[in-house]
Amino acid sequence: MNDSQLLDLIGRSVERIRSASDDTPELAIVLGSGWDGIAGLVMDPVDIPYAQLPAFPALGVAGHAGTLRLGRIANRPVALLRGRKHAYETGDPAGMKGAIRTLAALGCGTLVLTNAAGSLDPAMPPGSLMLISDHLNIVQRTPLHGETDNQRFVDMVNAYDAALRDQAAAAASAAGITVHEGVYAWVLGPQFETPAEIRMLRLLGAQAVGMSTVPETILARHAGLKVLGLSMLTNMGAGMADENLSHAHTLNTASATADQAAKLLAAVVPALKA
Ligand code: HPA
(Lines give C-alpha, C1' and ligand atoms only; values in the text may rest on other atoms or scores of the structure.)
Protein backbone atom coordinates (compact mmCIF):
# COMPACT_ATOMS: atom_id res chain seq x y z
CA MET A 1 0.00 0.00 0.00
CA ASN A 2 1.34 3.46 -0.86
CA ASP A 3 1.11 6.63 1.26
CA SER A 4 -1.90 8.10 -0.49
CA GLN A 5 -3.82 4.83 -0.18
CA LEU A 6 -3.08 4.72 3.54
CA LEU A 7 -4.08 8.39 3.94
CA ASP A 8 -7.36 7.59 2.24
CA LEU A 9 -8.05 4.69 4.65
CA ILE A 10 -7.17 6.93 7.60
CA GLY A 11 -9.46 9.69 6.31
CA ARG A 12 -12.34 7.25 5.96
CA SER A 13 -11.69 5.84 9.44
CA VAL A 14 -11.68 9.36 10.92
CA GLU A 15 -15.00 10.10 9.20
CA ARG A 16 -16.58 6.89 10.50
CA ILE A 17 -15.44 7.71 14.06
CA ARG A 18 -16.64 11.32 13.85
CA SER A 19 -20.01 10.14 12.55
CA ALA A 20 -20.39 7.91 15.63
CA SER A 21 -19.59 10.48 18.31
CA ASP A 22 -19.30 14.26 18.73
CA ASP A 23 -16.54 13.80 21.31
CA THR A 24 -12.93 13.91 20.17
CA PRO A 25 -11.01 11.32 22.18
CA GLU A 26 -8.06 12.97 23.96
CA LEU A 27 -6.70 9.70 25.08
CA ALA A 28 -6.68 6.23 23.60
CA ILE A 29 -5.90 2.91 25.25
CA VAL A 30 -4.80 -0.22 23.43
CA LEU A 31 -6.11 -3.07 25.57
CA GLY A 32 -3.90 -6.15 25.70
CA SER A 33 -4.66 -9.53 27.29
CA GLY A 34 -6.11 -8.98 30.77
CA TRP A 35 -6.72 -5.26 30.38
CA ASP A 36 -10.20 -5.27 28.84
CA GLY A 37 -12.07 -4.75 32.16
CA ILE A 38 -11.85 -0.97 31.80
CA ALA A 39 -14.21 -1.27 28.81
CA GLY A 40 -17.05 -1.93 31.29
CA LEU A 41 -16.33 1.37 33.07
CA VAL A 42 -16.80 3.56 29.99
CA MET A 43 -19.84 5.85 30.13
CA ASP A 44 -22.09 6.24 27.05
CA PRO A 45 -20.13 3.65 25.07
CA VAL A 46 -20.31 3.59 21.27
CA ASP A 47 -18.74 0.56 19.59
CA ILE A 48 -17.33 0.43 16.08
CA PRO A 49 -16.00 -2.91 14.83
CA TYR A 50 -12.53 -2.62 13.32
CA ALA A 51 -14.09 -4.09 10.18
CA GLN A 52 -15.84 -0.72 9.69
CA LEU A 53 -12.59 1.22 10.10
CA PRO A 54 -10.56 0.63 6.94
CA ALA A 55 -7.24 1.76 8.49
CA PHE A 56 -7.67 -0.68 11.39
CA PRO A 57 -6.35 -4.24 11.30
CA ALA A 58 -8.24 -7.48 10.86
CA LEU A 59 -7.55 -9.59 13.96
CA GLY A 60 -6.98 -13.26 14.64
CA VAL A 61 -5.93 -14.06 18.25
CA ALA A 62 -8.40 -15.53 20.78
CA GLY A 63 -9.25 -13.01 23.51
CA HIS A 64 -8.96 -9.94 21.25
CA ALA A 65 -12.29 -8.59 20.05
CA GLY A 66 -11.36 -6.05 17.42
CA THR A 67 -13.67 -3.21 18.42
CA LEU A 68 -13.10 0.48 18.95
CA ARG A 69 -15.11 1.70 21.96
CA LEU A 70 -15.68 5.46 22.23
CA GLY A 71 -17.04 7.03 25.39
CA ARG A 72 -16.02 8.75 28.62
CA ILE A 73 -14.01 7.80 31.67
CA ALA A 74 -14.23 10.36 34.49
CA ASN A 75 -15.91 12.64 31.95
CA ARG A 76 -12.91 12.46 29.66
CA PRO A 77 -13.49 11.44 26.03
CA VAL A 78 -11.53 8.26 25.39
CA ALA A 79 -11.10 5.63 22.70
CA LEU A 80 -10.43 2.02 23.66
CA LEU A 81 -8.81 -0.24 21.09
CA ARG A 82 -10.03 -3.68 22.10
CA GLY A 83 -7.52 -5.84 20.30
CA ARG A 84 -4.27 -5.31 18.43
CA LYS A 85 -2.39 -6.81 15.52
CA HIS A 86 0.86 -8.49 16.57
CA ALA A 87 3.98 -8.67 14.42
CA TYR A 88 4.10 -12.44 15.01
CA GLU A 89 0.89 -12.93 13.06
CA THR A 90 2.26 -11.78 9.71
CA GLY A 91 5.91 -10.87 10.29
CA ASP A 92 4.96 -7.24 9.66
CA PRO A 93 5.60 -4.93 12.64
CA ALA A 94 3.43 -2.18 11.06
CA GLY A 95 0.04 -3.84 11.67
CA MET A 96 -1.12 -0.99 13.93
CA LYS A 97 0.14 1.83 11.71
CA GLY A 98 -3.23 2.83 10.25
CA ALA A 99 -4.98 2.63 13.63
CA ILE A 100 -2.41 4.79 15.43
CA ARG A 101 -2.30 7.35 12.60
CA THR A 102 -6.10 7.51 12.70
CA LEU A 103 -5.89 8.39 16.41
CA ALA A 104 -3.34 11.10 15.64
CA ALA A 105 -5.52 12.45 12.81
CA LEU A 106 -8.48 12.62 15.22
CA GLY A 107 -6.42 14.86 17.49
CA CYS A 108 -5.80 12.30 20.21
CA GLY A 109 -2.57 13.28 22.04
CA THR A 110 -1.98 10.46 24.50
CA LEU A 111 -1.75 6.73 23.90
CA VAL A 112 -1.80 4.21 26.72
CA LEU A 113 -0.39 0.85 25.62
CA THR A 114 -1.16 -2.20 27.75
CA ASN A 115 0.07 -5.76 27.44
CA ALA A 116 0.63 -9.09 29.13
CA ALA A 117 4.30 -9.89 29.64
CA GLY A 118 6.65 -12.38 31.24
CA SER A 119 8.44 -11.21 34.40
CA LEU A 120 12.23 -11.25 34.50
CA ASP A 121 12.35 -9.97 38.06
CA PRO A 122 11.64 -12.26 41.05
CA ALA A 123 10.33 -9.16 42.88
CA MET A 124 7.46 -9.03 40.32
CA PRO A 125 5.57 -12.35 40.63
CA PRO A 126 2.71 -13.25 38.25
CA GLY A 127 -0.19 -10.87 38.82
CA SER A 128 2.09 -7.83 39.26
CA LEU A 129 1.58 -4.63 37.28
CA MET A 130 4.43 -2.58 35.84
CA LEU A 131 4.83 0.87 34.29
CA ILE A 132 7.14 0.64 31.29
CA SER A 133 10.06 3.04 31.76
CA ASP A 134 11.85 2.16 28.52
CA HIS A 135 12.14 -0.67 26.02
CA LEU A 136 14.63 -2.94 24.31
CA ASN A 137 13.81 -3.52 20.65
CA ILE A 138 15.44 -6.96 20.63
CA VAL A 139 13.81 -7.73 17.29
CA GLN A 140 15.47 -4.67 15.70
CA ARG A 141 12.58 -4.30 13.30
CA THR A 142 10.57 -1.14 12.80
CA PRO A 143 7.08 -0.20 11.61
CA LEU A 144 8.68 2.87 9.96
CA HIS A 145 10.41 0.87 7.24
CA GLY A 146 9.63 2.63 3.95
CA GLU A 147 9.16 6.11 5.40
CA THR A 148 11.21 8.61 3.44
CA ASP A 149 11.14 11.96 5.21
CA ASN A 150 13.36 13.11 8.07
CA GLN A 151 10.54 12.64 10.57
CA ARG A 152 11.39 8.92 10.45
CA PHE A 153 14.50 9.53 12.60
CA VAL A 154 12.40 9.48 15.73
CA ASP A 155 13.96 10.47 19.04
CA MET A 156 13.30 7.55 21.40
CA VAL A 157 14.57 9.26 24.56
CA ASN A 158 11.51 9.69 26.77
CA ALA A 159 9.56 7.31 24.49
CA TYR A 160 7.55 6.40 27.60
CA ASP A 161 6.76 9.90 28.77
CA ALA A 162 8.31 10.60 32.17
CA ALA A 163 5.60 13.06 33.20
CA LEU A 164 2.80 10.61 32.33
CA ARG A 165 4.63 7.91 34.24
CA ASP A 166 4.89 10.12 37.33
CA GLN A 167 1.19 10.99 37.08
CA ALA A 168 0.30 7.30 36.72
CA ALA A 169 2.51 6.24 39.63
CA ALA A 170 1.01 8.92 41.89
CA ALA A 171 -2.55 7.95 40.92
CA ALA A 172 -1.83 4.24 41.53
CA SER A 173 -0.32 4.97 44.92
CA ALA A 174 -3.29 7.18 45.90
CA ALA A 175 -5.61 4.31 44.92
CA GLY A 176 -3.57 1.83 46.96
CA ILE A 177 -2.46 -0.17 43.90
CA THR A 178 1.11 -1.43 43.74
CA VAL A 179 2.83 -0.79 40.41
CA HIS A 180 6.41 -1.62 39.62
CA GLU A 181 8.47 0.12 36.97
CA GLY A 182 10.86 -1.45 34.47
CA VAL A 183 12.23 -2.00 31.00
CA TYR A 184 10.16 -4.06 28.52
CA ALA A 185 11.99 -6.21 25.97
CA TRP A 186 10.13 -6.87 22.71
CA VAL A 187 10.56 -10.34 21.22
CA LEU A 188 8.84 -11.35 18.00
CA GLY A 189 7.23 -14.59 19.17
CA PRO A 190 4.89 -16.36 18.83
CA GLN A 191 7.11 -18.99 20.50
CA PHE A 192 8.08 -18.25 24.09
CA GLU A 193 11.72 -17.67 24.98
CA THR A 194 14.30 -20.30 25.85
CA PRO A 195 15.77 -20.15 29.36
CA ALA A 196 19.04 -18.95 27.76
CA GLU A 197 17.19 -16.09 26.08
CA ILE A 198 15.61 -15.15 29.39
CA ARG A 199 19.06 -15.07 31.04
CA MET A 200 20.26 -12.87 28.16
CA LEU A 201 17.35 -10.44 28.54
CA ARG A 202 17.97 -10.18 32.29
CA LEU A 203 21.65 -9.44 31.68
CA LEU A 204 20.64 -6.76 29.17
CA GLY A 205 18.65 -4.96 31.83
CA ALA A 206 15.05 -5.91 31.00
CA GLN A 207 12.46 -6.55 33.74
CA ALA A 208 9.70 -7.79 31.41
CA VAL A 209 9.43 -9.55 28.06
CA GLY A 210 6.56 -9.54 25.60
CA MET A 211 5.46 -9.75 21.99
CA SER A 212 3.76 -6.38 21.44
CA THR A 213 3.76 -2.66 22.31
CA VAL A 214 7.20 -1.64 21.00
CA PRO A 215 6.13 -1.19 17.35
CA GLU A 216 3.13 0.81 18.59
CA THR A 217 5.32 3.03 20.74
CA ILE A 218 7.52 3.75 17.72
CA LEU A 219 4.48 4.55 15.57
CA ALA A 220 2.99 6.76 18.27
CA ARG A 221 6.19 8.73 18.83
CA HIS A 222 6.55 9.16 15.07
CA ALA A 223 2.97 10.49 14.94
CA GLY A 224 3.59 12.84 17.88
CA LEU A 225 1.53 11.03 20.53
CA LYS A 226 2.79 10.73 24.08
CA VAL A 227 2.95 7.16 25.36
CA LEU A 228 2.26 5.51 28.70
CA GLY A 229 3.06 1.78 28.79
CA LEU A 230 1.62 -0.73 31.27
CA SER A 231 2.45 -4.42 31.59
CA MET A 232 0.62 -7.13 33.47
CA LEU A 233 3.12 -9.84 34.41
CA THR A 234 1.32 -13.11 33.76
CA ASN A 235 4.20 -15.54 34.33
CA MET A 236 7.87 -15.73 35.22
CA GLY A 237 10.22 -15.86 32.22
CA ALA A 238 11.04 -19.33 30.87
CA GLY A 239 13.23 -21.30 33.26
CA MET A 240 12.63 -18.95 36.22
CA ALA A 241 9.81 -21.01 37.79
CA ASP A 242 8.49 -24.57 37.45
CA GLU A 243 5.46 -23.56 35.45
CA ASN A 244 4.83 -24.48 31.85
CA LEU A 245 4.31 -21.50 29.61
CA SER A 246 1.30 -21.42 27.34
CA HIS A 247 -1.13 -18.90 25.93
CA ALA A 248 -3.84 -20.48 28.10
CA HIS A 249 -1.67 -19.85 31.17
CA THR A 250 -1.19 -16.22 30.12
CA LEU A 251 -4.95 -15.78 29.70
CA ASN A 252 -5.66 -17.49 33.08
CA THR A 253 -3.40 -15.17 35.05
CA ALA A 254 -4.67 -12.28 32.96
CA SER A 255 -8.26 -12.97 33.95
CA ALA A 256 -7.28 -13.40 37.62
CA THR A 257 -5.56 -9.99 37.54
CA ALA A 258 -8.14 -8.25 35.34
CA ASP A 259 -9.98 -6.48 38.19
CA GLN A 260 -6.77 -4.99 39.52
CA ALA A 261 -5.75 -3.89 36.02
CA ALA A 262 -9.14 -2.23 35.44
CA LYS A 263 -8.82 -0.46 38.81
CA LEU A 264 -5.39 0.76 37.87
CA LEU A 265 -6.59 2.20 34.56
CA ALA A 266 -9.64 3.76 36.22
CA ALA A 267 -7.31 5.51 38.67
CA VAL A 268 -4.69 6.47 36.11
CA VAL A 269 -6.80 7.77 33.20
CA PRO A 270 -8.23 10.81 35.03
CA ALA A 271 -4.75 11.66 36.34
CA LEU A 272 -2.98 11.88 32.98
CA LYS A 273 -2.57 15.51 31.92
CA ALA A 274 -2.98 16.21 28.21
N1 HPA B 1 7.26 -14.10 26.97
C2 HPA B 1 6.83 -13.36 25.93
N3 HPA B 1 5.63 -12.83 25.87
C4 HPA B 1 4.79 -13.03 26.90
C5 HPA B 1 5.17 -13.79 28.02
C6 HPA B 1 6.47 -14.35 28.05
O7 HPA B 1 6.88 -15.04 28.99
N8 HPA B 1 4.11 -13.81 28.87
C9 HPA B 1 3.12 -13.08 28.27
N10 HPA B 1 3.54 -12.60 27.09
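See above for the structure.
Residues numbered from 1 in each chain as written. Predicted model: local features only at pLDDT ≥ 70, side-chain atom pairs only at ≥ 80, totals over all residues. Heavy atoms only, no water.

(A) Structural context of the side chain of glutamate 193. Mapping glutamate 193 onto the fold places it in the loop between strand 7 (180–186) and helix 5 (195–203). Contacts of glutamate 193, omitting those with residues within four sequence positions, involve Val187, Ile198, Leu201, Val209 and Ala238. (Helix = DSSP H or I, 4+ residues; strand = E, 2+ residues; numbered from the N terminus. Contact = heavy atoms within 4.5 Å.)

(B) Spotlight on the packing of helix 3 (residues 97–106) against helix 6 (residues 214–223). Axis separation between helix 3 and helix 6 bottoms out at 10 Å; the angle between their running directions is 35°. Remark: the crossing between helix 3 and helix 6 carries right-handed chirality. Contacts between helix 3 and helix 6 involve Lys97, Ile100, Arg101 and Ala104 from the former and Glu216, Leu219, Ala220, His222 and Ala223 from the latter. Partitioned by chemical class, the residues of the contact of helix 3 with helix 6 number five nonpolar, one polar and three charged. (Axes fitted to C-alpha atoms, helices over the stretch in contact; angles between N-to-C directions. Left-handed = near helix turned anticlockwise from the far one by under 90°. Nonpolar A, V, L, I, M, F, W, Y, C, P; charged D, E, K, R; others polar.)

(C) View of unusual backbone geometry. Residue proline 190 is reached from glycine 189 by a cis peptide bond, and omega for that bond is 5°. The phi dihedral of aspartate 44 is positive, around 45°, even though this residue is not glycine. Within the fold, aspartate 44 resides in strand 2 (residues 43–49).

(D) Local environment of the environment of histidine 222. Residue position: histidine 222 is located in helix 6. Each C-alpha atom of the pair histidine 222 and methionine 156 lies 9.4 Å from the other, and the pair is 66 residues apart in sequence. For histidine 222, the contacting residues outside a window of four places in its chain are Arg101, Leu144, Glu147, Gln151, Arg152 and Val154. At 3.4 Å, the side chain of histidine 222 forms a polar contact with the side chain of arginine 101. (Polar contact = N/O pair within 3.5 Å; in protein donor to acceptor, adjacent residues only side chain to side chain.)

(E) Quick peek at the packing of helix 1 (residues 3–20) against helix 3. Their axes nearest at 9 Å, the elements helix 1 and helix 3 cross at an angle of 55°. With respect to their mutual orientation, helix 1 and helix 3 come out oblique. The handedness of the crossing between helix 1 and helix 3 is right-handed. Residues Leu6, Ile10, Ser13, Val14, Ile17 and Arg18 of helix 1 form the contact with helix 3, whose participating residues are Lys97, Gly98, Arg101, Thr102, Ala105 and Leu106. Along the lines of polarity and charge, the residues of the contact of helix 1 with helix 3 split into six nonpolar, three polar and three charged. (Parallel < 35°, antiparallel > 145°, perpendicular 65-115°, else oblique.)

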